[in-house]
Amino acid sequence: TKWTYEPDTSRPAANKNTVKDFSSVRLTWQATAKNKFAVTYDHTDVCDCPRAVTATIAPEAAAQTYQHANRTAFGGEWTAPLTSRVLLEAAFGSVSIYWPRPRENPFLPLGTVGMISVQEQSTGLTYRASTANFETRDNRLSSRVTLSYVTGAHAFKTGFSYGAGKLDRLEYSIDAPLLFRFNNGVPNQITQHARDRLLRTYLDADHGLFVQDKWTIGRLTLS
């Protein structure tokens, strides 16, 4: 609670990063002679606890870098050689990532509220509290369908790809939404943040249609 920096030498600061890959599974099924299916699933858990403590940022001022991420990916595909020269393929995939961050400062005593962050201008040290925090939710979906026709000298391929997604970022105050700037312990500036707010991004249509054609005659190839 000191306004001027008073280090706690009994608790040295450290950055910690842990990545846990719980499962990565792929299953395939040859349903018929001409129909093959495959599905994939992957789940990863990431903890930055925290990740940005430096010689000039005390742990309690870096609570926004204390984050716990859950990432889940799922996909599937279907392949069907309709003839000896025609191949039909379809696939889809989705990725969901949730990055929660603390609503209370994990480096301050439980129940502590309203602490104001301080930056000492003479040393560049930031300490005492964190001004703001945020969490994000990211969801993306993609798919494609392709048709290929291949002979010895001719290769033709056409297809369509589809993509969409949404990203939500909720910003909120974790301690007081204020930052005091000191110079040798004397305050000279106040910065105030407007919280809460929600930033939302939509990717409605990331689509594409393509056609590829390639001919080979002797040593000459035309695409």
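Structure shown above.
As the structure is a prediction and not an experimental result, all values here were calculated from the model.

A. Structural context of the sheet that holds strand S9 (residues 178–183). Reading across the sheet, the four strands line up as S6-S5-S9-S10 and stay open at both edges, with mixed pairing between neighbours. Strand pairing shows two members of the sheet lacking a second neighbour, strand S6 (125–127) and strand S10 (186–192), which therefore form its edges. Ignoring which end each strand starts from, the neighbouring axes of this sheet average 20 degrees apart. Relative to S6, strand S5 (residues 117–120) is paired through three bridges, and the arrangement is antiparallel.

B. Just a nonpolar patch on the surface, in detail. Judged by side-chain polarity, Val25, Leu27, Val39, Tyr41, Phe74, Phe92, Leu141, Phe160, Tyr162 and Leu209 come together as a nonpolar surface patch covering roughly 910 Å² of accessible area. Where the nonpolar patch is concerned, the elements lending two or more residues are strand S1 (17–32), strand S2 (35–48) and strand S8 (154–172). Mapped onto the elements of the fold, Leu27 is located in strand S1.

C. Quick look at the packing of aromatic side chains. Across all of its chains, the model carries six aromatic pairs by this definition. Here Trp3 and Phe182 contribute two aromatic rings whose centre-to-centre distance is 6.1 Å and whose plane-to-plane angle is 40 degrees, an arrangement assigned as tilted. Taken as a pair, Trp3 in the segment before S1 and Phe182 in strand S9 lie far apart in primary sequence, 179 residues in all. Put simply, the rings of Trp3, Phe180 and Phe182 touch in pairs and so form one group of aromatic residues. For Arg101, the ring lying beneath its charged end belongs to Phe134, and the centroid distance is 4.0 Å. When the ring centre of Tyr172 is taken as reference, the NZ or CZ atom of Arg103 above it lies at 4.0 Å.

Criteria and thresholds
- Residues numbered from 1 in each chain as written.
- Predicted model: local features only at pLDDT ≥ 70, side-chain atom pairs only at ≥ 80, totals over all residues.
- Heavy atoms only, no water.
- Pairing = 2+ DSSP bridges.
- Helix = DSSP H or I, 4+ residues; strand = E, 2+ residues; numbered from the N terminus.
- Axes fitted to C-alpha atoms, helices over the stretch in contact; angles between N-to-C directions.
- Patch = residues over 30% accessible without salt bridge, like charges linked within 9 Å, V, L, I, M, F, W, Y side chains within 5 Å.
- Areas by Shrake-Rupley, 256 points an atom, 1.4 Å probe, with all protein chains shown as cover.
- Salt bridge = Lys/Arg side-chain N within 4 Å of Asp/Glu carboxyl O.
- Phe/Tyr/Trp six-rings, centres within 6.5 Å; stacked < 30°, edge-to-face > 60°.
- Lys NZ or Arg CZ within 6 Å of the ring centre and 35° of its normal.

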